[in-house]
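Structural features, examined
Residue-level listing of the chains:
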Amino acid sequence: MYKFLTLKNINCITYICMFWKGICPFLGFAYLITWLTQFFNERLYALMNEAFGFLPNLINKLMPIQEDLMGMDVPMGHIHAAAIIIVSMYFATKIETYVAKIKAIKEKEIADKKIKILEKEKRQKEKQYIQKLTHFFGLCELKLEYSEKDNTKSIDDLKKLKKEYSKMIIQKTKAKFPQIYYTGTDKIYFIGDDYEVIDVFLTDVIQYFKIFQEIDNKKMIKTDLILSIVGGNQHNNPKMIYKFLLKINELKYLNQIIVNDKFATRYNKNPNNKFETYSLGFSHIEMNINNLIETELYKLKKK
């Protein structure tokens, strides 16, 4: 039955019940006082009966019940009316409780419908948002330093070695992933538009890094990888993205793959990916004095 009731109807019934509960004690008391006044002030009784006598007079007419009190045949309509009022107050309370339950059900149904609509809109917006994330931009660099301080060892040699390693990584990955654009000497800036190859690409980069790391350990050179990737599309300015990636790399997350929220959102849509994303919290990337970008960073970890 409640399905045919609207919230407007329910609220109307609730207000009527509340009003009736509020006026019932007053009416019941008025009926009793009116009934008592007939014993000591007929004029006052006539005035009060004119004001409050509709229901009692109707009862006296339909059920003419009288009691012999102090030698008088006294109609009991006012007493019966007071009793009816008290009983109706009880039923009004029950009705109010019942419609309150119906209201709660209705409000939950409406809320659930709104949630479903919002979730649908959210999924559509997320789908549209993900469809726009067609590209990924990454910056890879190696950090080399001597394990032991030795003035006879040249820093320039490390710079040359770093460039050689970067060149080798570009040559190897470019041969396998020609669809990815590469640039750089000591830092490798890469841009791609195929998220299907990102897992294999990253796996290869990590393997090359481990090979370099193993070679350098024998030469007493400490080698670390700094790698960050962000998501975007063809409309993004590559130069601005490069500056943004430089700032992320400056956070010095060594030997980890760091990605932003856009990349993580797009990447996680692939059910067969080889890495899991773990949030590192929000970071404030200061591009310049007047441009501070807040972004959530994640790290990729092999499953």
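Note that this is a predicted model, so its numbers are computed, not measured.

So, about the sheet that holds strand β7 (residues 256-260). Pairing is mixed across the open sheet formed by seven strands, whose spatial order is β4-β5-β3-β6-β7-β9-β8. On the outer flanks of this sheet lie β4 (181-183) and β8 (275-288), each paired with one strand and no other. This sheet shows a mean twist of 25 degrees between the axes of neighbouring strands, independent of strand direction. Relative to strand β6 (residues 221-232), helix α7 (residues 238-249) is tilted by about 135 degrees, and along the sheet it contacts β3 (135-146), β5 (187-192), β6, β7, β8 and β9 (291-302).

In this model helix α6 (residues 198-218) runs 31 Å from its N-terminal to its C-terminal C-alpha over 21 residues, within 8% of the 30 Å that 1.5 Å per residue would give. Those residues of α6 that fall on the buried side of the exposure criterion are I198, D199, F201, L202, T203, D204, V205, Y208, F209, F212 and D216. A positive backbone phi angle near 60 degrees is found at M220, which sits one or two residues after α6.

Attention shifts here to the packing of aromatic side chains. For the structure shown, the criterion picks out eleven aromatic pairs. Between the aromatic rings of Y90 and F91, the centroid separation amounts to 5.5 Å while the plane-to-plane angle is 75 degrees, which identifies the pairing as edge-to-face. Each ring, one from F136 and one from Y195, has its centre 5.4 Å from the other, and the planes form 75 degrees; the classification is edge-to-face. Of this pair, F136 sits in strand β3 while Y195 is found in the loop between β5 and α6, placing the two residues 59 residues apart along the sequence. Judged on exposure class, the residue F136 and its partner Y195 are both buried. Members of the aromatic cluster, each reached through a chain of ring pairs, are F136, F177, Y182, F190, Y195, F201, F263 and Y267. The ring of Y195 has R266 lying over it, and the distance from NZ or CZ to the ring centre is 4.4 Å.

The rules behind the values
Residues numbered from 1 in each chain as written. Predicted model: local features only at pLDDT ≥ 70, side-chain atom pairs only at ≥ 80, totals over all residues. Heavy atoms only, no water. Pairing = 2+ DSSP bridges. Helix = DSSP H or I, 4+ residues; strand = E, 2+ residues; numbered from the N terminus. Axes fitted to C-alpha atoms, helices over the stretch in contact; angles between N-to-C directions. Contact = heavy atoms within 4.5 Å. Expected span 1.5 Å × (residues − 1). Buried < 20%, exposed > 50% of the residue type's maximum accessible area, 1.4 Å probe, protein only. Phe/Tyr/Trp six-rings, centres within 6.5 Å; stacked < 30°, edge-to-face > 60°. Lys NZ or Arg CZ within 6 Å of the ring centre and 35° of its normal.

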